[in-house]
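What follows is each chain in one-letter form.
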Amino acid sequence: MGKRISFASRIFQKVESILKCRAKAMSQKEKQCALLFDEMSLKKGVEYSEKLDLVEGVKDLGFLGRSNIFGTHALVFMLRGIFCKWNIPVCYFISSGVTGTEMKDMLVECIKWLQAIGFDIRTTVCDQRCLSLYENYLELDRVEGDTSAKFHYFWLRDHCRCPKCYNHVTNQINNDVKTIPFNIRPKFCEEVEGKLNITWPDEHKTEYDINLLKKLISTRAKPQNVPVHWDVETLKSITDNSITSKEYFENSDEPTLEATEKVVRHTTRVSKTIFGEMWEVNNNLEVQDTAYTTVGLDAHTDNTYFSEASGLMVFHLIERNCKGGKTLLVDGFNAISNLKRVDRDAFNLLTTNPIESQYIATDTHFTSVEPVIKLHPVTKQLLQIRYNHYDRAYLNTIPFDSIMDYYKAYIKLGEEIKKPSNEYWLQLEPGTVLFLDNWRILHGRGEYSGNRMLTGCYVTRRDWTCAANREGLPLY
Ligand SMILES: C[N+](C)(C)CCCC[C@H](N)C(=O)O
Ligand SMILES: O=C(O)CCC(=O)C(=O)O
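If you're wondering where the values come from, they're calculated on a predicted model, not measured in any experiment. (Residues numbered from 1 in each chain as written. Chains lettered and ligands numbered in written order. Predicted model: local features only at pLDDT ≥ 70, side-chain atom pairs only at ≥ 80, totals over all residues. Heavy atoms only, no water.)

Outline empty space enclosed by the protein, supporting the account with residue identities and numerical values.
The gaps of empty space that remain are located by a probe, the size of a water molecule, rolled over the atoms. Here the structure, examined in full by the defined rule, presents two cavities of 30 Å³ or more. As for the largest cavity, its lining consists of T304, I355, S357, S368, E370, P371, V372, R386, Y387, N388, R392 and Y410. Mapped by element, the contributors of at least two residues to the lining of the largest cavity are β22 (355-361) and β23 (364-370). Empty space within the second largest cavity amounts to approximately 40 Å³. With three residues, the top contributor of residues to the lining of the second largest cavity is helix α9 (residues 403-418). Broken down by class, the residue content of the lining of the second largest cavity amounts to five nonpolar, no polar and one charged. (1 Å grid on protein atoms, 1.4 Å probe; cavity = no way out; pocket = protein on both sides within 12 Å on 5 of 7 lines; lining within 4 Å. Points joined across faces, edges and corners; volume = space filled by probe spheres on them. Helix = DSSP H or I, 4+ residues; strand = E, 2+ residues; numbered from the N terminus. Nonpolar A, V, L, I, M, F, W, Y, C, P; charged D, E, K, R; others polar.)

Here you go:
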């Protein structure tokens, strides 16, 4: 194959004269070509070449110089006709992963040389992902589609998952980040067969799976799994039956509290709050809350007065000898996105101004100060709605000048929630257990008369996201 530019002059002349011959025989159109370059990994090893009178296998970048480091890659240049089918291997270099600047210099030199011979180079094509080393980071080309991925050397050292640096039994980091020098650089670095292998100056070795790096890049600050929002019209068309997208039903053997509990414990655990673990809700004011009356309740989320509102609500209506008492569900995220579309300022006020909520009963006084709309701290996508107009405390967290604007924004969201197009009314029946995402779906009920018994429980957000992670299910 070809030549290594400028040091092997005998070969150089031979290849050059062959290339000149080929170019001469071509028409102007035939000469139009692409310069392809590609890095192939090599087995480490050296050999004396009598023909070249030098040791082959060490790093050798032609006019950019030669060194005693073992070569790990061959950087191959090739010409390919654009209009006519022809291929000519041109030259190669032995490298140990070229830097971006080295690559540019070689490319420019190679193009100049081939143009002088007579080829009409119209484009360059790099066939393989390649690794470029910079001052304090490296770059992997085309990791994600066309974009490249950059990783600081410090980060790469910090995340070493070798058994010394990381305990694979406890899944905890052994390595002390404080001991890594900020200016750490690999002694040696290569990309082979889907792996990034790094040797550090102290001979410590780190291996990364390129697919893992790819995955980490694609999840950097980008919205994940945006759930499908629904109104009454579109709810029916959602086929994804996950609890983040839609209400979720399970069947229970019998209409009892114990059967409800069994269904829940099948996948997760029951949360204990001041309302107990499993609750029985009927008209007895056993608990000091309107839920324990026959009064109708506007759509709301529960536990706005807890710093972590329950993640899931589980409802199982085990007795229905009553008139009314239907269940109301509203997709809070849909209401918020509608509000955001028509009134961006209102949306901003609700995301940035925390308000206080309360639950006060005998010997109990819970409060929490949080915004009504919470966004994911990194991706900024919707994370939680905390809307319960019954459980608001004194509004004293908003600056005087913003109070009226805040009220208008809060009421506008309330009106959106109350739009008939967003209100999904359903009749719960004994035997059907309903799971609700209390960070997203608001619930309410119609006023009723007669005997009605609702059983259920809360599941903490951390418990159900734990179950979702365990099962590999997507979270928003
Ligand atoms: C009956 N159950 C225990 C479900 C709820 C009772 C708490 C209701 C409270 N107002 C809230 O919205 O959090
Ligand atoms: O009784 C119902 O159907 C719902 C009660 C309720 O909204 C609650 O407990 O938060």
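And the narrative resumes.
Give a detailed account of the domain arrangement of the chain, specifying residues and quantitative values.
What the domain assignment reports for the chain is domain 1 (9-128), domain 2 (132-218) and domain 3 (232-470). Computed over C-alpha atoms, the centres of domain 2 and domain 3 are 43 Å apart. (Domains from an automatic or database assignment.)

Explain helix α10 (residues 461-470) to me, using residue names and the numbers behind them.
By the burial criterion, the buried members of α10 are R461, D463, W464, T465, A467 and A468. Looking at the buried residues of α10, the elements they touch are α6 (257-267), β20 (312-324), β25 (382-385), β27 (432-437) and β29 (448-459). Trailing α10 by a residue or two, G472 shows a phi angle of about 70°, which is positive. (Buried < 20%, exposed > 50% of the residue type's maximum accessible area, 1.4 Å probe, protein only. Contact = heavy atoms within 4.5 Å.)

Report on α9, specifying residues and quantitative values.
If you check α9, its first and last C-alpha atoms are 22 Å apart, about what 16 residues at 1.5 Å a residue would give, namely 22 Å. Among all positions in α9, only I403, Y406, A409, Y410, L413, G414, E416 and I417 are buried. Seen along its axis, α9 keeps its buried residues to an arc of 160°; they face one direction. In α9, the exposed residues that point more than 90 degrees away from the buried face are M404, K408 and E415. (Expected span 1.5 Å × (residues − 1). Arc of directions from axis to C-beta.)

Any details on the site of ligand 2? Residues and values, ideally.
All residues adjacent to ligand 2 are A291, L297, H300, D302, H443, R445, R452 and L454. Between ligand 2 and H300, the relevant distance is 3.3 Å, taken from an oxygen atom to a side-chain nitrogen or oxygen of the residue. Within the side chain of D302, an N or O atom sits 3.1 Å from an oxygen atom of ligand 2. Considering ligand 2 on its own, with 290 Å² of exposed area, one finds that the protein chains cover 94% of that surface. (Near = heavy atom within 4 Å. Polar contact = N/O pair within 3.5 Å; in protein donor to acceptor, adjacent residues only side chain to side chain. Areas by Shrake-Rupley, 256 points an atom, 1.4 Å probe, with all protein chains shown as cover.)

Can you lay out the pattern of salt bridges for me, pointing to particular residues and giving the numbers?
The full count for this structure, using the stated rule, is 14 salt bridges. With its nearest N and O atoms 3.9 Å apart, the salt bridge here joins E16 to K20. Here K20 and E16 lie together in helix α1 (residues 9-24), a separation of four residues that amounts to about one turn. A residue is classified by how much of its surface remains accessible, and K20, at 41% relative accessible area, is partly exposed. In this structure, the salt-bridge partner of R320 is E429, at a minimum N-O distance of 3.3 Å. Taken together, the residues span a long stretch of sequence, with R320 in strand β20 and E429 in the loop between β26 (424-426) and β27 at a distance of 109 residues. Classification of E429 by relative accessible area gives partly exposed; the value is 34%. (Salt bridge = Lys/Arg side-chain N within 4 Å of Asp/Glu carboxyl O.)

Which residues make up the site of ligand 1, and what values go with them?
Taken together, F275, W279, V281, D289, Y292, H300, D302, N303, Y305, N388, D391 and Y458 make up the full set of residues near ligand 1. Contact between ligand 1 and D289: a nitrogen atom at 2.7 Å from a side-chain N or O atom of the residue. With respect to ligand 1, the side chain of D391 contributes an N or O atom lying 2.8 Å from a nitrogen atom. Alone, ligand 1 offers 370 Å² of accessible surface; in the complex the protein occludes 94% of this. For the shell around ligand 1, the per-class residue count stands at six nonpolar, three polar and three charged.

Any details on the sheet that holds strand β28 (residues 441-445)? Residues and values, ideally.
The strands making up a sheet associate through hydrogen bonds between their backbones, and the pairing can be parallel or antiparallel. Ordered in space as β19-β28-β21-β26, the four strands form an open sheet in which the pairing is antiparallel. Edge strands, defined here as strands with exactly one partner in the open sheet, are β19 (297-300) and β26. With direction set aside, neighbouring strand axes in the sheet form an average angle of 20°. Across three bridges, strand β21 (residues 327-331) lies against β26 in antiparallel orientation. Along β26, the bridge assignment pairs L329 with Y424. On top of the sheet, helix α7 (residues 332-342) reaches β21 and β28; it is set at about 45° to β21, its chief contact. (Pairing = 2+ DSSP bridges. Axes fitted to C-alpha atoms, helices over the stretch in contact; angles between N-to-C directions.)

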